[in-house]
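Residues per chain are reported as follows:
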Amino acid sequence: RSSDLRKAGANEEKQPEGDEDRSGKEMEEDKEFDNWKTDKYLSICDIVNWPIPVPEDMREEIVKKGSEHFQNKDGPFSASAVQRPGDKTRGTNRNLTTSWFYKALPNGERVLRKWMVYSHSKKSLFCFCCRLFAQDEKVEIQKFVTGFNAWWKLNPKVYEHEASGHHLSCFEKWKILRVGLNLRNAIERNLQAAINVERMKWSEILKRLLDVILFLAHQNLPFQCHREDLSENSGNFLELVTLLSKYDTVLKEHLLRIEHPVGSRRIHSYLSKGIQNEFIRLLGNEVKKKIVNNIQKAKYFGIIFDSTLDLSQIGRA
């Protein structure tokens with residue numbers, strides 16, 4: 001096992017350092033982006049503001065929210081009154097009512113027409129899916145794409161529209177897209193869960209390795225052997241990790257993955273000399289930072305120098 005750990009440590013690549021703290025300019029750009037997203041969200045709340053054709057990213061966001069978010073089926077519809085032309089009609093003003101958002105089935109059950117959307121700003125009815133998949137405003141002459149408000153013609157226009165081939169085709173595209181987005185979201189959730197598990201695993205491994213390094217530094221013990229490549233003794237660091245793995249399942253599983261890798265995939269061990277030195281450097285920086293902070297807070301401070309003699313009897317600080 002010790003020889004395997006030495007090999008894993010020797011092949012370990014140094015990990016890139018983390019990004020520096022974000023600048024104020026980047027934070028300002030993020031704020032502007034959040035404001036842009038808010039404005040974009042407010043614009044799509046009204047179906048009138050949807051461009052034709054609707055961009056793919058906007059279409060996906062709209063489908064994720066669902067048509068109920070845009071329907072406005074409970075009104076108010078008092079401002080939607082339209083005067084019917086002609087003199088031979090019973091009553092001159094007609095209004096939209098909530099009852100048109102429901103379809104009566106032969107068995108007497110009433111179901112919501114999820115495709116029907118009312119715009120308060122234009123005081124008109126729209127078809128959610130036909131507007132969502134419209135390709136050209138000049139070509140799309142259907143009233144439920146550009147806005148329908150001839151309330152005296154709701155019967156039979158509503159029934160004709162929901163039975164038309166174009167509407168059924170757009171309705172099918174809408175449902176297929178919704179199922180695809182739900183599936184993608186499920187895959188993304190599973191992937192994110194796997195990433196979180198992997199992150200926690202490496203966090204626990206690095207915590208243990210850091211504790212080993214802190215222990216050796218506190219005891220002023222060397223990390224590697226004098227001739228690690230030839231000696232059976234792998235050095236204090238690796239030997240201590242091996243010892244702890246007998247009683248710790250996290251380290252034990254980590255060492256087993258290193259010794260018995262699956263396939264040709266490379267396993268990062270974080271046991272190399274470079275990683276050890278990286279930990280020591282980071283710990284040293286924290287110690288220096290704390291010393292500097294204490295000096296800055298103190299009114300007076302003193303410095304003690306210690307030295308030792310080398311083989312030529314010359315003092316070394």
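Visitor: Sorry, what's going on with the overall build of the protein here?
Guide: Along the backbone of the protein there are 10 helices and 8 strands. Residue burial in the protein is summarised as follows: out of 317 residues, 29% are buried. Here the contacts in the protein between residues at least 6 apart in sequence split such that 62% fall between residues at least 24 apart. In the structure as shown, the protein presents an accessible area of about 21,800 Å², 54% of it carried by carbon and sulfur atoms.

Visitor: Could you clarify how one ought to interpret the packing of aromatic side chains in this entry?
Guide: How two aromatic rings sit relative to each other is given by the distance of their centres and the angle of their planes. Enumeration over the complete set of coordinates arrives at 12 aromatic pairs. When the centroid spacing of 5.3 Å and the interplanar angle of 85° are considered together, the rings of Trp-50 and Phe-70 count as edge-to-face. Of the two residues, Trp-50 is situated in the loop between α2 (24–44) and α3 (56–65) and Phe-70 in the loop between α3 and β1 (82–83); the sequence distance between them amounts to 20 residues. A single burial state applies to Trp-50 and to Phe-70, both of which are buried. Each ring, one from Phe-128 and one from Trp-174, has its centre 4.8 Å from the other, and the planes form 55°; the classification is tilted. Here the residue Phe-128 occupies a position in helix α4 (residues 128–132), and Trp-174 occupies one in helix α7 (residues 165–218), the gap between them amounting to 46 residues. Judged on exposure class, the residue Phe-128 and its partner Trp-174 are both buried. Note that Lys-175 overlies the ring of Trp-174, its terminal NZ or CZ placed 4.0 Å from the centroid.

Visitor: Please clarify how the pattern of salt bridges should be interpreted in this entry.
Guide: Where charged atoms from two side chains of opposite charge approach closely, those side chains can pair. Taken as a whole and judged by the stated rule, the model has 15 salt bridges. Here Lys-114 ties to Glu-68 by a salt bridge, and the two come within 3.5 Å at their closest N and O atoms. Of this pair, Lys-114 sits in the loop between β4 (110–112) and β5 (116–119) while Glu-68 sits in the loop between α3 and β1; the two residues are 46 residues apart in sequence, bridging distant segments of the chain. Residue Arg-184 pairs with Glu-188 through a salt bridge whose shortest N-O separation is 4.0 Å. In this pair, Arg-184 and Glu-188 are both assigned in helix α7, 4 residues apart and thus about one turn of the helix distant. Judged by relative accessible area, Arg-184 falls into the partly exposed class, the value being 34%. A single network of salt bridges, built from pairs that share partners, joins Glu-204, Lys-207, Arg-208 and Asp-248.

Visitor: Any chance you could explain the pairing of strand β6 (residues 124–127) here in plain terms?
Guide: Side-chain direction in a regular strand flips from residue to residue, so the side chains alternate between the two faces of the sheet. Every second residue of β6 is oriented toward a common face, with Ser-124 and Phe-126 on one face and Leu-125 and Cys-127 on the other, all of them buried. Hairpin geometry of β5 and β6 is characterised by an intervening segment of 4 residues between the two adjacent antiparallel strands and by a positive phi of about 55° at Lys-123.

Visitor: Help me understand the packing of α7 against helix α9 (residues 249–259), please; the structure alone is not making it clear to me.
Guide: Axis angle and axis distance: for two packed helices, these are the angle between their axes and the distance between the axes, and together they describe the pair. Packing of α7 against α9 brings their axes to within 10 Å, and their N-to-C directions diverge by 105°. One finds that α7 runs roughly perpendicular with respect to α9. Contacts between α7 and α9 involve Lys-201, Trp-202, Glu-204, Ile-205, Arg-208 and Leu-209 from the first element and Val-250, Leu-251, His-254 and Arg-257 from the second. Partitioning the contact of α7 with α9 into residue classes produces 5 nonpolar, 1 polar and 4 charged.

Visitor: Sorry if this is basic, but what is going on with the nonpolar core here?
Guide: Note that soluble globular proteins tend to have their nonpolar side chains buried in a common cluster. Grouped together as the largest cluster of nonpolar side chains are 36 residues, with contacts concentrated most on Trp-50, Ile-62, Leu-96, Trp-115, Leu-125, Phe-128 and Leu-154. Among the elements of the structure, α3, β5, β6, α4, α5 (143–146), α6 (154–162) and α7 are those that each provide at least two residues to this core. Counting 18 residues, the second largest nonpolar core, distinct from the first, contains Val-212, Leu-238, Ile-275 and Phe-279.

Visitor: Which parts of the structure should I look at to understand unusual backbone geometry?
Guide: Residues apart from glycine generally show negative phi values, whereas peptide bonds are mostly found in trans. In this chain, Ile-52 is followed by Pro-53 through a cis amide linkage whose omega measures 0°. Going from Gly-75 to Pro-76, the amide bond is cis rather than trans, its omega being 5°. Following the sequence through the fold, Pro-76 ends up in the loop between α3 and β1. The phi dihedral of Asn-72 is positive, around 55°, even though this residue is not glycine. A positive phi is found at Asn-220, a non-glycine position, where the angle reads about 55°. Asn-220 gets classed as exposed once you look at its relative accessible area, which sits at 71%.

Visitor: What should I look at first to understand the packing of helix α8 (residues 236–245) against α9 in this one?
Guide: Taken N-terminus to C-terminus, the directions of α8 and α9 make an angle of 115°; their axes are 7 Å apart at the nearest point. Between α8 and α9, the residues in contact are Val-241, Thr-242, Leu-244 and Ser-245 and Leu-251, Lys-252 and Leu-255, respectively. Residues belonging to the contact of α8 with α9 are distributed by class as follows: 4 nonpolar, 2 polar and 1 charged.

Definitions and cut-offs
Residues numbered from 1 in each chain as written. Predicted model: local features only at pLDDT ≥ 70, side-chain atom pairs only at ≥ 80, totals over all residues. Heavy atoms only, no water. Helix = DSSP H or I, 4+ residues; strand = E, 2+ residues; numbered from the N terminus. Buried < 20%, exposed > 50% of the residue type's maximum accessible area, 1.4 Å probe, protein only. Contact = heavy atoms within 4.5 Å. Areas by Shrake-Rupley, 256 points an atom, 1.4 Å probe, with all protein chains shown as cover. Phe/Tyr/Trp six-rings, centres within 6.5 Å; stacked < 30°, edge-to-face > 60°. Lys NZ or Arg CZ within 6 Å of the ring centre and 35° of its normal. Salt bridge = Lys/Arg side-chain N within 4 Å of Asp/Glu carboxyl O. Pairing = 2+ DSSP bridges. Axes fitted to C-alpha atoms, helices over the stretch in contact; angles between N-to-C directions. Parallel < 35°, antiparallel > 145°, perpendicular 65-115°, else oblique. Nonpolar A, V, L, I, M, F, W, Y, C, P; charged D, E, K, R; others polar. Core = buried A, V, L, I, M, F, W, Y, C linked by side-chain atoms within 4.5 Å.

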